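Coordinates in review
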Amino acid sequence: MRIFYRTYTTAKSLIYGFDHSNHINHSIKNTGLFGYDGLDKPQGLIKAAAACIQQATFIVEQVCNADSPDELRKTIKRTDTISDILCSVLDSAEFIRNVHPDSQFVDAANTVSQALNTFLSQLNTHQGLFKALHKTINHPEISKDLSEQERKVATLLLLDFEKSGIDMPLEQRKRFIELNDMILKAGQTFCENSLPSQKIVSFEDPYRTLEGTPSPILDALCRATKSNITKSRKNMKAVIPTQSEIAQIIMGSAKSELARRDLFLAINSGSREQVQVLEEMLIKRGELASLLGKKSYAHMYLADKMVETPENVETFLSTLATANRPYADEQLQLLKNAKRQKFGSDTINAWDRFYFTQYIAPMIEMNVKPFTKLHTPPLSEYFSVGTTFQGLSDIFKALYGMHLQLEDTIPGETWHSDVRKLSVVHETEGVIGTIYCDLFNRESNQIRKYENAAHFTVRCSRRIDNDEPIVHEQNWRMKNPKSEKVVTSSDGKKMCYQLPIVVLVTSFNRPEKGIPSLLSLHDIETLFHEMGHAMHSMLAQTDFQHISGTRVAIDFVEVPSIFMEYFAKSPEVLQSFGRHYKTNETVPLSLIQSSQNKQALLEALDSQNQIQMAMLDQKYHSDLANSPNFDTSNILYDISSRVNPIPVCAPSKWQIQFTHLFTYGASYYSYLWCRRWASRLYRQNFENRNMESWRLGGENLRHEVLGFGGGRDPWIGLTKLGVVYEGERDGKLISDHKDLS
């Protein structure tokens, strides 16, 4: 029986287009970035920001002056329009300042970002907007006629206002603003100084004390120390920077446990001042929550999330830790066995893990069927960027009836010759959005681009045929009629929508002469993950910008991206499109399985560590922060000793490197939470099923979950799809190990 099939309708254009040079259509008049004529020069971005503030200010006045029911009915739409106007420029600027290679564009984007964020902070505390929204949603004649989307947008906006302390007494509000400023400054300082306090570790007689470390590395370390020039080999000294790749190599290769311990403790060192900055941030967050009448920062922050309360997070994490622990202990035993065989002792400390992993890899490898050929090419040679995009297109066709179509770009539309433009095309609905792909490391002579993989939203979908006329339209520079679309509703009504525009950014290796960019398993999973976000933006086309695409609760936003990871982890799916870039030979299944086994070597231990970090985040943002004895180090040691098979111990101050505490405070659980739903969706509807049978599950996923964006409580769609178990909606979150698989 055929399990997977491959389509070739767009194979030539996708594979050739990504694996060879880009094509720019010079026969068409030049445009600006993303097809916005006004963004052809850096100054255009600054003019767009000025026009944005002008237009938004006018609409704010309209909202604040509305008093009749007819005018009040326009409040939600007008407020969402303000958001769209601001985000159209601010999101573009955010992308440009992180990715654009032209320093003049980057400077303009930084200027625009600062100006618009200042304007936005004023709107977030605007009494007139708050009162108008409050009046609208509580007006009996208006409220009864609000659509589900309108009500959701209004509710979210009001919550945002309330979180800014807008209805506080004046003196209390002053303190609220002070605390926010203090938290911001402490958080920035915490992130800027999140490196180990001990910068180097010195080893005498390194060829003996660091035995096992590759000789070229030891040679280079000894040459780098000037005092070694006149010394004998035995009297030399090696200096190891704690924040270096060399330090990690030594952790995995040095035979001496004492050397590994000293290096590990240095890598995880932290000063009293660094810990104090972190604790100041956490204590001020607790005080901020108290001002809003909440027990803790976690109680305040989680109120509008899927999980709703920190008590529910605690139940989820503790049951997940219990379910995963036996698997983590099994993997710990592998490390113990390896240490016993080599040294007679089986106590695994934190500095032992990476060293003894090298000895258990061959044991795992023995469980995989041998390759059919003696000389099998590396796995990456079967997965060029173009081949992988073709695989993605095939998957999207099977799931949703849509494919990826490579488009020519117009001069000025993109920011680099590497960039490819994709249209997402549905078999009956036509084009539903645009994805720009900036996938490769920059050339060495160009300024650095954003180093991490990311999905940037440039423009969200929303309905625009019911917009009011733009004031001073001649100044508005963010119009692109070519990416607008008229759709017909089920009752025959014609409506016009602006289509979403997103950018996918990665830092894959650049193609070389005759060799396309080749992807590792990790690269493939990264690409599938980010494309999951991109497709969420394409599929969640709502009437309002504020709930469109990925504008959802933080503990739901990763569900579509993690869901796509499961396809990248399926050996059968990978084999369905993996082709050698030279011979077009299909990738051997055994090669995929072998590589995956190596990658997932200690996966349960990794998961237990992630659970520990999520628990730590919750405890740091609990009411413990209000206690005079609040001590982040003791909390770390306590949680780690209870949860982690390889616990963190004193004097480690690892928490000073946990920068997510600032950027994702009280929400680090979200990734594990999202993996639960993504895993269940995949296992229930797609795992071990013919590719031809995916469509029903894909359509259900689109119409019950993804298509709503942030416009409906995700619990409703997930319940309809049968992945919410009895009692879970009420906080009885009994976790299964499969939720991590």
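Scroll up to find the structure this text is about.
Read on for an overview of the structure. (Residues numbered from 1 in each chain as written. Predicted model: local features only at pLDDT ≥ 70, side-chain atom pairs only at ≥ 80, totals over all residues. Heavy atoms only, no water.)

**Focus: the sheet that holds strand 7 (residues 462–463)**
Taken in spatial order, the 3 strands of this open sheet run 7-9-8, and their pairing is antiparallel. With one partner strand each, in any of the chains shown, strand 7 and strand 8 (484–488) form the two edges of the open sheet. (Pairing = 2+ DSSP bridges. Helix = DSSP H or I, 4+ residues; strand = E, 2+ residues; numbered from the N terminus.)

**A word on the layout of surface pockets**
By volume, the second largest pocket is sized at about 700 Å³. Contributing to the lining of the second largest pocket are 33 residues, with Lys77, Thr81, Arg462, Asp467 and Glu468 lying nearest its centre. For the lining of the second largest pocket, the secondary structure elements donating two or more residues are helix 2 (42–65), helix 4 (75–99) and strand 7. Counting residues per element, the lining of the second largest pocket draws most heavily on helix 4, at 6 residues. The class makeup of the residues in the lining of the second largest pocket is 11 nonpolar, 7 polar and 15 charged. (1 Å grid on protein atoms, 1.4 Å probe; cavity = no way out; pocket = protein on both sides within 12 Å on 5 of 7 lines; lining within 4 Å. Points joined across faces, edges and corners; volume = space filled by probe spheres on them. Nonpolar A, V, L, I, M, F, W, Y, C, P; charged D, E, K, R; others polar.)

**A closer look at the sheet that holds strand 6 (residues 454–459)**
Taken in spatial order, the 5 strands of this open sheet run 3-4-5-10-6, and their pairing is mixed. The sheet is open, and its two edges are formed by strand 3 (402–407) and strand 6, each paired on a single side. Strand-to-strand, the axes of this sheet are offset by a mean angle of 30 degrees, without reference to chain direction. Here 6 bridges tie strand 5 (residues 430–440) to strand 10 (residues 501–508), and the two strands are oriented parallel to one another. Paired with phenylalanine 440 across the strands is phenylalanine 508, a residue of strand 10. (Axes fitted to C-alpha atoms, helices over the stretch in contact; angles between N-to-C directions.)

**Here's the deal with the pattern of salt bridges**
Under the defined criterion, the tally for this structure stands at 48 salt bridges. A salt bridge links arginine 97 to glutamate 94, with the nearest nitrogen and oxygen atoms 3.1 Å apart. On the criterion of helical spacing, the pair formed by arginine 97 and glutamate 94 is a turn pair, its members being 3 residues apart in helix 4. For arginine 97, a relative accessible area of 35% gives the class partly exposed. Note on glutamate 94: relative accessible area 32%, which makes it partly exposed. (Salt bridge = Lys/Arg side-chain N within 4 Å of Asp/Glu carboxyl O. Buried < 20%, exposed > 50% of the residue type's maximum accessible area, 1.4 Å probe, protein only.)

**What to know about the packing of helix 4 against helix 6 (residues 127–137)**
Remark: helix 4 packs on helix 6, axes separated minimally by 10 Å, with the N-to-C direction vectors making an angle of 145 degrees. Handedness of the crossing formed by helix 4 with helix 6: left-handed. Residues Thr75, Ile76, Thr79 and Ile82 of helix 4 form the contact with helix 6, whose own contacting residues are Leu129, Ala132, Leu133 and Thr136. Class assignment of the residues belonging to the contact of helix 4 with helix 6 gives a composition of 5 nonpolar, 3 polar and no charged. (Left-handed = near helix turned anticlockwise from the far one by under 90°. Contact = heavy atoms within 4.5 Å.)

**Section: the side chain of glutamate 150**
Looking at the element boundaries, glutamate 150 is found in helix 8 (residues 148–163). Within the buried core, glutamate 150 has no salt-bridge partner, and the shortest N-O distance to an opposite charge, that of arginine 151, equals 7.7 Å. Beyond its immediate chain neighbours, meaning those up to four positions away, glutamate 150 contacts Ile76, Asp145 and Phe544. (Lys, Arg positive; Asp, Glu negative; His and termini not counted.)

**Thoughts on the nonpolar core**
Soluble globular proteins: nonpolar side chains tend toward being buried together. The biggest cluster of nonpolar side chains holds 116 residues, and the ones touching the most others in it are Phe389, Ile435, Met531, Phe563 and Phe567. Broken down by element, the residue count for this core peaks at 9 residues, all from helix 19 (residues 521–539). Beyond its immediate stretch of four places on either side in the chain, isoleucine 435 contacts Arg420, Lys421, Leu422, Val424, Val502, Leu504, Met531, Ala534 and Met538. In terms of nonpolar packing, the next biggest core, distinct from the first, is built from 58 residues, Leu86, Val99, Trp415 and Tyr436 among them. (Core = buried A, V, L, I, M, F, W, Y, C linked by side-chain atoms within 4.5 Å.)

**Section: helix 20 (residues 559–568)**
With 10 of 10 residues buried, helix 20 lies mostly within the body of the structure. Buried residues in helix 20 make contact with helix 18 (385–400), helix 19, helix 21 (571–577), helix 22 (589–599), helix 26 (670–685) and helix 27 (694–704).

**Brief notes about helix 4**
With 25 residues, helix 4 should reach 36 Å at 1.5 Å per residue; the first-to-last C-alpha distance of 36 Å fits that figure. The largest bend along helix 4 measures about 30 degrees and falls at cysteine 87. With 22 of 25 residues buried, helix 4 is to be regarded as a mostly interior element. (Expected span 1.5 Å × (residues − 1). Bend = angle between axes of the 7 residues up to and from the residue.)

**Re empty space enclosed by the protein**
The tally for this structure, following the rule as stated, stands at 6 cavities of 30 Å³ or more. Around the largest cavity, the lining residues are Phe396, Tyr400, Gly532, Met535, His536, Leu539, Pro560, Phe563, Met564 and Leu706. Those elements that place two or more of their residues in the lining of the largest cavity are helix 18, helix 19 and helix 20. For the lining of the largest cavity, the leading source of residues is helix 19, giving 4 residues. Tallied by class, residues from the lining of the largest cavity come to 8 nonpolar, 2 polar and no charged.

**Here we look at unusual backbone geometry**
Across the junction of alanine 650 and proline 651, the peptide omega takes the value 5 degrees, indicating a cis bond. If you trace the backbone, proline 651 turns up in the loop between helix 24 (632–643) and helix 25 (660–663). The backbone of glutamate 308 sits at a positive phi, close to 75 degrees, despite the residue not being glycine. With respect to the secondary-structure elements, glutamate 308 resides in the loop between helix 15 (297–302) and helix 16 (310–343). You can call glutamate 308 partly exposed: its relative accessible area is 32%.

**What to know about the pairing of strand 8**
As judged from the 5 bridges shared by strand 8 and strand 9 (residues 494–498), these two strands associate in the antiparallel manner. Residue pairing in the sheet places valine 486 in a bridge with cysteine 496 of strand 9. Adjacent in sequence and paired antiparallel, strand 8 and strand 9 are bridged by 5 residues, among which glycine 492 carries a positive phi angle near 85 degrees.

**What about the side chain of histidine 621?**
Relative to the helices and strands, histidine 621 resides in the loop between helix 23 (603–620) and helix 24. For histidine 621, the side chain forms a polar contact with the side chain of arginine 285, separated by 2.8 Å. Once residues within four sequence positions are removed from consideration, histidine 621 is found in contact with Leu282, Arg285, Ser296, Tyr297, Ala298, Leu661, Gly665 and Ala666. (Polar contact = N/O pair within 3.5 Å; in protein donor to acceptor, adjacent residues only side chain to side chain.)

**Focus on the packing of helix 18 against helix 20**
Each packed pair of helices is defined by two parameters, the angle between the axes and the distance between the axes. Remark: helix 18 packs on helix 20, axes separated minimally by 12 Å, with the N-to-C direction vectors making an angle of 115 degrees. Taken together, the axes of helix 18 and helix 20 are roughly perpendicular relative to one another. Considering the relative orientation of helix 18 and helix 20, their crossing is right-handed. Of the residues in helix 20, those touching helix 18 at Leu392, Ile395, Phe396, Leu399 and Tyr400 are Phe563, Met564 and Phe567. When grouped by side-chain class, the residues that make up the contact of helix 18 with helix 20 number 8 nonpolar, no polar and no charged. (Parallel < 35°, antiparallel > 145°, perpendicular 65-115°, else oblique.)

**Describing the packing of aromatic side chains**
Counted under the stated rule, the structure contains 32 aromatic pairs. Where phenylalanine 356 meets tyrosine 359, the ring centres are 6.2 Å apart and the plane angle is 45 degrees; that geometry is what we call tilted. Of the two residues, phenylalanine 356 and tyrosine 359 both sit in helix 17 (residues 353–365), 3 residues apart, roughly one turn of that helix. Overall, phenylalanine 356 belongs to the buried group, its relative accessible area being 0%. It is lysine 305 that lies over the ring of tyrosine 301; its NZ or CZ is 4.0 Å from the centre. Note that arginine 712 overlies the ring of phenylalanine 708, its terminal NZ or CZ placed 3.8 Å from the centroid. (Phe/Tyr/Trp six-rings, centres within 6.5 Å; stacked < 30°, edge-to-face > 60°. Lys NZ or Arg CZ within 6 Å of the ring centre and 35° of its normal.)

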